[in-house]
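Structure at a glance
Chain residues, written in single-letter form:
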Amino acid sequence: MIELYIDDLLAFFDKGGFVLYIVFAIAIFLWTLLIERYIYISFEYKKHKKAILEDIKNVSKNNKFKDEIKRYLVEDSNIRLKTGLDFIKTLIIVCPLVGLLGTVTGMIEVFDVMAITGSNNVKSMANGVSMATIPTMAGMVIALSGILFEKRLELSIKYHKQKLELELSKVI
Amino acid sequence: MIKYILTLCLASTLAFSLNLEGLLQSVKNDANKELQVEKQRLQEFIDNKNEQATLLSKSKKILSQEEAESEKLKKIIDANELLLEEKETELSTKAASLGQMFGSVRQSSSDFLTNFQNSLTASQDPLKEEIFTKFANSKKLPNLEELTLFWHSMLDEIIKSGNISQYETNVILNTGVKVNEEVTRVGLFAAVSNGKYLTYSNDMKSLVELAVQPNSNVLSDARAFEKSNTIENITVDPTRGTLFEMIENNPTILDRVNQGGIVGYVILALGGLGLLVALYKMIVLNISSIKIKSQIKNIDKPKTNNSLGKIADIFYKNVNDSINDLEIKIGEAILRETNNIKKGQSFVKLLAAVTPLLGLLGTVTGMIATFQAITLFGTGDPKLMAGGISTALITTVLGLITAIPLLFAYTYISSKSEELVSILEEQSIGLLAKTLK
């Protein structure tokens with residue numbers, strides 16, 4: 001049963017041509033980064049926040065630079081939260097572009113076939129057409145799925161930053 | 001003297017006249033004798049007159065007999081003639097279908113010959129071509145033995161076209177050298193030696209290495225197939241060599257790039273420039289990032305070889321000023337360093353944005369060329385339009401191919417410099433203040 005699906009998948013990749021592999025690689029990259037971010041926010045970041053709150057107790061309330069120190073801590077944790085987010089955004093932007101690349105290479109394939117066999121054999125062009133359409137579709141799907149989670153991630157980072165700011169204000 | 005001579009003449013005349021008289025006498029005698037013989041013969045004829053008559057009648061009788069005989073034989077000849085005619089028509093009807101058969105033998109052998117001359121099996125058994133050539137060109141009717149040979153050769157060819165065999169034969173390499181090599185033949189569809197695909201050339205009467213081989217995956221498959229004794233994957237050409245020959249016409253990457261035309265070269269040049277700038281920026285930013293990171297660890301000992309060190313230096317020198325004065329002084333220093341960090345970044349972004357646009361420009365110019373071709377030659381021949389279309393498509397591809405890495409490079413540069421700027425702007429005072437306690 002599983003072999004059947006694997007065969008289907010292989011046939012799908014075969015039809016899509018080499019651009020589909022690029023899209024696939026981007027998708028894997030994108031989702032690894034997204035999952036890594038979610039894991040960081042829900043586990044690592046909490047430890048980090050606890051350490052900051054411990055650390056901040058040593059700063060006296062009448063320090064000349066207390067606002068600056070607070071800003072430093074917020075920014076530092078913000079940088080930590082945001083690592084890789086730009087890369088994720090770029091991957092999402094690039095996905096449709098790679099899909100477009102697939103469209104064009106597929107069209108080149110179609111015209112190559114046309115130059116050899118003439119325009120009367122529509123079946124022989126089907127290969128190029130599927131090479132043009134499948135990567136485009138895949139690129140769109142991955143960009144759309146990525147953009148949903150990326151926006152959620154951005155919102156949760158913003159929320160965490162504001163929360164940290166509030167918590168720090170309470171301490172200092 | 002004359003007297004003597006005259007005397008001699010007289011004497012000889014005398015002697016001669018004597019002789020003539022003798023002659024006359026003998027002639028008369030002979031005539032008499034003959035007359036007598038004639039008389040005798042006449043008498044004889046008269047005597048035999050009756051006998052002649054009987055002979056005549058006898059001869060007439062034989063003649064009539066012979067005439068009757070001839071009549072009889074003539075009838076037989078006529079009858080035979082009729083029979084012969086009958087038999088001849090019979091023969092011609094029978095020979096007609098037989099002639100058709102020989103015609104078809106000739107035709108099928110010449111058909112077979114043309115197929116055989118292009119087929120890979122010809123390399124295995126070059127003598128077989130002679131058999132087919134002989135049948136195709138012969139004017140006389142083949143006998144039963146030859147027909148059987150033809151039949152068996154055809155069957156042999158059919159069997160060979162369905163099997164995989166290894167044998168030694170002459171191969172002409174790409175360098176033009178003729179060598180004797182072991183060849184693996186897969187039916188009529190592929191022949192491989194030393195991991196290279198071969199094709200059969202009838203002009204050379206030998207296998208020839210393909211000038212442009214299929215890609216390396218296919219070749220390594222073929223090599224594995226040659227070495228193994230079990231069934232392995234191998235790429236064959238179901239069109240008996242036509243597709244392999246078409247590989248030669250397939251444009252290489254360089255051909256493709258050349259199809260892009262001027263716009264294509266401009267895109268590539270800009271892409272190359274952008275990547276160089278991006279690479280330079282990456283190296284510079286990484287070096288300053290490493291320096292700043294090491295400075296963060298030793299924030300109380302400022303070094304002036306990095307941006308944070310310079311700011312820290314100003315901070316420590318003016319730490320006793322009021323916070324406003326300190327912030328103004330540090331802000332000035334930060335502005336200077338930020339400029340340095342962000343320099344060149346927007347150029348990469350510009351190129352990342354411009355290359356797809358240039359690709360679009362190429363698309364449009366290519367389409368213009370295509371439509372010009374259509375106005376000149378009509379839509380009849382798609383090959384005339386192919387030039388413009390390939391320019392259009394290739395420039396788009398080039399635009400995208402250069403834009404995508406530039407985009408990644410820009411993201412890297414901008415996030416890195418963003419991080420550095422944020423360290424300088426937002427954190428420097430806080431970081432430094434923290435060390436004071």
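Below is a short write-up of the structure. Because the structure is predicted, anything quoted here is derived from the model rather than measured.

**What to know about the overall build of chain A**
Helix and strand counts for chain A come out as five helices and zero strands. Each helix and strand of chain A, placed in order from N terminus to C terminus, yields the pattern α-α-α-α-α. Sorting the 172 residues of chain A into buried and exposed places 41% on the buried side. Within chain A, residue pairs in contact and separated by at least 24 positions form 85% of the contacts whose partners lie at least 6 positions apart. By element, 67% of the accessible surface of chain A is carried by carbon and sulfur atoms, the whole surface being about 9900 Å².

**Things to note about the packing of aromatic side chains**
All chains considered together, the criterion is met by six aromatic pairs over all chains. Taking the centre distance of 5.1 Å and the plane angle of 75° together, the rings of Phe13(A) and Phe24(A) count as edge-to-face. Of this pair, Phe13(A) sits in helix 1 (residues 2–16) while Phe24(A) sits in helix 2 (residues 18–56), placing them 11 residues apart in sequence. With centroids separated by 5.6 Å and ring planes inclined at 50°, the aromatic side chains of Phe87(A) and Phe408(B) adopt a geometry described as tilted. Placement of Phe87(A) in helix 4 (residues 85–117) and of Phe408(B) in helix 11 (residues 382–436) is noted, with the two residues assigned to different chains. Grouping aromatic residues by their ring pairs yields a cluster made of Phe12(A), Phe13(A), Tyr21(A) and Phe24(A).

**Describing the layout of surface pockets**
Estimates place the volume of the largest pocket at around 1500 Å³. Lining the largest pocket are 38 residues, with Glu109(A), Asp112(A), Met131(A), Asn250(B) and Arg256(B) sitting closest to its centre. Every element with two or more residues in the lining of the largest pocket is listed here: helix 2, helix 4 and helix 5 (126–171) of chain A together with helix 5 (242–247), helix 6 (253–259) and helix 11 of chain B. The leading source of residues in the lining of the largest pocket is helix 4 of chain A, at eight residues. Taken together, the residues that form the lining of the largest pocket break down as 25 nonpolar, nine polar and four charged. Looking at the second largest pocket, its volume works out to about 650 Å³. The element that contributes the greatest number of residues to the lining of the second largest pocket is helix 11 of chain B, accounting for 11 residues. Taken together, the residues of the lining of the second largest pocket sort by class into five nonpolar, seven polar and nine charged.

**A short note on the packing of helix 4 of chain A against helix 5 of chain A**
Residues and elements named next belong to chain A. Where helix 4 meets helix 5, the closest approach of the two axes is 7 Å, and the angle between their N-to-C directions is 170°. Looking at the two axes, helix 4 sits roughly antiparallel to helix 5. Of the residues belonging to the contact of helix 4 with helix 5, the class tally is 17 nonpolar, nine polar and four charged.

**Observations regarding the side chain of Arg37(A)**
Residues and elements named next belong to chain A. Here Arg37 lies in helix 2. A polar contact of 3.3 Å, which involves the side chain of Arg37, links it to the backbone oxygen of Thr83. Once you skip the residues sitting within four places of it in the chain, Arg37 turns out to touch Arg80, Leu81, Lys82, Thr83, Ile88 and Leu153.

**A few points about the pairing of strand 5 (residues 206–209) of chain B**
Each regular strand carries side chains that alternate between the two faces of the sheet. Residue and element names in this part refer to chain B. Bridging between strand 1 (residues 164–172) and strand 5 involves two bridges; their strand directions are parallel. Across the sheet, the residue bridging to Ile172 is Val208, located in strand 5. With four bridges connecting them, strand 4 (residues 196–201) and strand 5 associate as antiparallel partners. Bridge assignment links Leu198 to a residue of strand 5, and that residue is Glu209. Counted between consecutive antiparallel strands, the loop separating strand 4 from strand 5 contains four residues, among which Lys205 sits at a positive phi close to 55°.

**Focus on the interface of chain A and chain B**
With 32 residues of chain A in contact, the opposing surface of chain B contributes 35 residues. In total, about 3000 Å² of surface goes out of reach between chain A and chain B, with carbon and sulfur atoms giving 75% of it. Among the residues of chain A in contact with chain B, Phe65(A), Glu68(A) and Tyr72(A) are the three that bury the most area, contributing 19% of the side total. At the junction of chain A with chain B, the criterion picks out zero salt bridges.

**A short note on the sheet that holds strand 4 of chain B**
All names here are of chain B. Spatially, 1-2-3-4-5 is the arrangement adopted by the five strands of the closed barrel, whose pairing is mixed. Pairwise comparison of adjacent strand axes, ignoring direction, gives a mean angle of 50° for this sheet. Bridge analysis of strand 1 against strand 2 (residues 178–186) gives nine bridges, and the strand direction is antiparallel. Each bridged residue has a counterpart across the sheet, and for Val171 the counterpart in strand 2 is Val179.

How each quantity is defined
Residues numbered from 1 in each chain as written. Chains lettered and ligands numbered in written order. Predicted model: local features only at pLDDT ≥ 70, side-chain atom pairs only at ≥ 80, totals over all residues. Heavy atoms only, no water. Helix = DSSP H or I, 4+ residues; strand = E, 2+ residues; numbered from the N terminus. Buried < 20%, exposed > 50% of the residue type's maximum accessible area, 1.4 Å probe, protein only. Contact = heavy atoms within 4.5 Å. Areas by Shrake-Rupley, 256 points an atom, 1.4 Å probe, with all protein chains shown as cover. Phe/Tyr/Trp six-rings, centres within 6.5 Å; stacked < 30°, edge-to-face > 60°. 1 Å grid on protein atoms, 1.4 Å probe; cavity = no way out; pocket = protein on both sides within 12 Å on 5 of 7 lines; lining within 4 Å. Points joined across faces, edges and corners; volume = space filled by probe spheres on them. Nonpolar A, V, L, I, M, F, W, Y, C, P; charged D, E, K, R; others polar. Axes fitted to C-alpha atoms, helices over the stretch in contact; angles between N-to-C directions. Parallel < 35°, antiparallel > 145°, perpendicular 65-115°, else oblique. Polar contact = N/O pair within 3.5 Å; in protein donor to acceptor, adjacent residues only side chain to side chain. Pairing = 2+ DSSP bridges. Buried area = accessible area lost by both parts, 1.4 Å probe. Salt bridge = Lys/Arg side-chain N within 4 Å of Asp/Glu carboxyl O.

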